[in-house]
Amino acid sequence: MQKLKDKILKEGTLRENNILKVDSFLNHQIDIAFMNEIGVEFKNRFSNVKVDKIVTIEASGIAIASIVSQHFGNVPVVFAKKTESKNLDNEVYKSKVYSYTKGKEYDIMIAKKYISENENILILDDFLANGAAALGLIDLLRQAKANIVGVGIVIEKSFQVGAERIISEGLRLESLAKIKSLDGKIEFK
Ligand code: 5GP
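What counts as what
- Residues numbered from 1 in each chain as written.
- Predicted model: local features only at pLDDT ≥ 70, side-chain atom pairs only at ≥ 80, totals over all residues.
- Heavy atoms only, no water.
- UniProt positions renumbered as here; feature names shortened; annotations may be inferred.
- Helix = DSSP H or I, 4+ residues; strand = E, 2+ residues; numbered from the N terminus.
- Contact = heavy atoms within 4.5 Å.
- 1 Å grid on protein atoms, 1.4 Å probe; cavity = no way out; pocket = protein on both sides within 12 Å on 5 of 7 lines; lining within 4 Å.
- Points joined across faces, edges and corners; volume = space filled by probe spheres on them.
- Nonpolar A, V, L, I, M, F, W, Y, C, P; charged D, E, K, R; others polar.
- Phe/Tyr/Trp six-rings, centres within 6.5 Å; stacked < 30°, edge-to-face > 60°.
- Buried < 20%, exposed > 50% of the residue type's maximum accessible area, 1.4 Å probe, protein only.
- Lys NZ or Arg CZ within 6 Å of the ring centre and 35° of its normal.
- Near = heavy atom within 4 Å.
- Polar contact = N/O pair within 3.5 Å; in protein donor to acceptor, adjacent residues only side chain to side chain.
- Areas by Shrake-Rupley, 256 points an atom, 1.4 Å probe, with all protein chains shown as cover.
- Salt bridge = Lys/Arg side-chain N within 4 Å of Asp/Glu carboxyl O.

Under an unreviewed UniProt entry, the name given to the protein is Xanthine phosphoribosyltransferase, and the source organism is Streptobacillus felis. Per its UniProt entry, the protein bears the Function (unreviewed entry) comment "Converts the preformed base xanthine, a product of nucleic acid breakdown, to xanthosine 5'-monophosphate (XMP), so it can be reused for RNA or DNA synthesis." The UniProt entry for the protein carries this comment under Pathway (unreviewed entry): "Purine metabolism; XMP biosynthesis via salvage pathway; XMP from xanthine: step 1/1."

Structure representation (structure tokens):
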């Protein structure tokens, strides 16, 4: 998506550990008009699949999924919550995720009542790096026996292993911008 690449080049800033900050439009301030363009793009890419629900992870995924949903007929959005790993609750699906940006492991959970067997689920997230967040969501959805129709990512860091891991799970991956390297400057694939 050329407009996304232009925006990343114009507004993105680099941090240590290969972190790209896009706080001006995606992760802190949100450019709603642009999010709608992202919604149109995801809808075009997933036009041939039935989507009953969009699943994402808090926090940044929520805004993206909420706007993108409106381009998929206002399907419900469910976001996995990040929890402390103490009390086990029978009413939730749980999985573990290692956070790339925070350098620690945490649990994610979704209440069982919000995901049904055979429901067609599109997973969405802002970034794909090593794939931990996406694989955690995939694990939850497989526990629920849902049907994962694809994974949509706004910014894929293709030099990390996340994309390969999702594809090797046999899932369709659509990333709107693919970054080849962040070594001093941003280079797209
Ligand atoms: P993964 O789980 O694929 O290793 O990392 C993806 C998650 O980490 C995303 O949900 C995102 O919140 C965060 N993340 C990974 N890399 C970056 C980055 O370069 N910039 C930002 N802003 N978030 C990132």
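Once the structure has been displayed, the description carries forward.
J.: So what exactly am I meant to see when it comes to the environment of Val75 here?
T.: Residue placement: Val75 occurs in the loop between α4 (60-69) and β4 (77-83). Remark: the alpha-carbon pair of Val75 and Val51, spanning 24 residues in sequence, is separated by 7.6 Å. Leave out the neighbours within four places in its chain, and Val75 touches Val51, Asp52, Lys53, Ile54 and Ser69.

J.: Where do I start with the layout of surface pockets in this structure?
T.: Rolled over the atoms, a probe sized like a water molecule indicates the empty space that remains. Size it by volume and the largest pocket reaches roughly 900 Å³. Lys82, Ser99, Thr101, Lys102 and Tyr106 are, among the 37 residues lining the largest pocket, the residues nearest its centre. For the lining of the largest pocket, the per-class residue count stands at 15 nonpolar, 9 polar and 13 charged.

J.: When you look at the packing of aromatic side chains in this model, what are you seeing that I'm missing?
T.: One pair of aromatic rings is described through two measures. These are the centre distance and the angle between the planes. Within the structure shown, the criterion is met by 1 aromatic pair. Ring geometry for Phe25 versus Phe34: centroids 5.7 Å apart, planes at 80 degrees, classification edge-to-face. Across the pair, Phe34 and Phe25 agree in class, each one buried. Its end group placed over the ring of Phe34, Lys7 keeps NZ or CZ at 5.2 Å from the ring centre.

J.: I keep staring at the UniProt feature "binding site: 5-phospho-alpha-D-ribose 1-diphosphate" (unreviewed entry) in the protein and nothing clicks. Help me out?
T.: The positions UniProt marks with the feature "binding site: 5-phospho-alpha-D-ribose 1-diphosphate" (unreviewed entry) are Ala129, Asn130, Gly131, Ala132 and Ala133. Of the residues named above, Ala129, Asn130, Gly131, Ala132 and Ala133 line the largest pocket. Counting through the fold element by element, Asn130 comes out in the loop between β7 (120-128) and α5 (132-143). Residues in contact with Asn130, not counting those within four places in the same chain, are Tyr100, Gln160, Val161, Gly162 and Arg165. Mapping Ala132 onto the fold places it in helix α5.

J.: Looking at this structure, I do not really get the site of the ligand. What am I missing?
T.: Near the ligand, the surroundings consist of 16 residues, among which Leu20, Ala129, Asn130, Gly131 and Lys157 are the closest. At 2.7 Å, a backbone N or O of Leu20 approaches a nitrogen atom of the ligand. In this structure, an oxygen atom belonging to the ligand sits 2.8 Å away from a main-chain N or O atom of Ala129. Taking 510 Å² as the accessible area of the ligand by itself, protein coverage stands at 88%. Only β2 (19-21), β7 and α5 provide two or more residues apiece to the shell around the ligand. Considering each element in turn, the shell around the ligand owes the most residues, 4 residues, to β7. Residue composition of the shell around the ligand, by class: 8 nonpolar, 5 polar and 3 charged.

J.: Looking at this structure, I do not really get the pattern of salt bridges. What am I missing?
T.: A pair can form between side chains of opposite charge whenever their charged atoms are brought close. Per the counting criterion, the structure on display carries 14 salt bridges. In this structure, Asp23 and Lys21 form a salt bridge, with 3.6 Å as the shortest nitrogen-oxygen distance. For Lys50, the salt bridge is made with Asp52, and the minimal N-O distance between the two is 2.6 Å. Taking relative accessible area as the criterion, Asp52 reaches 23% and is therefore assigned partly exposed. Among the charged side chains, a network of salt bridges with common partners joins Glu41, Arg45, Arg172 and Glu174.

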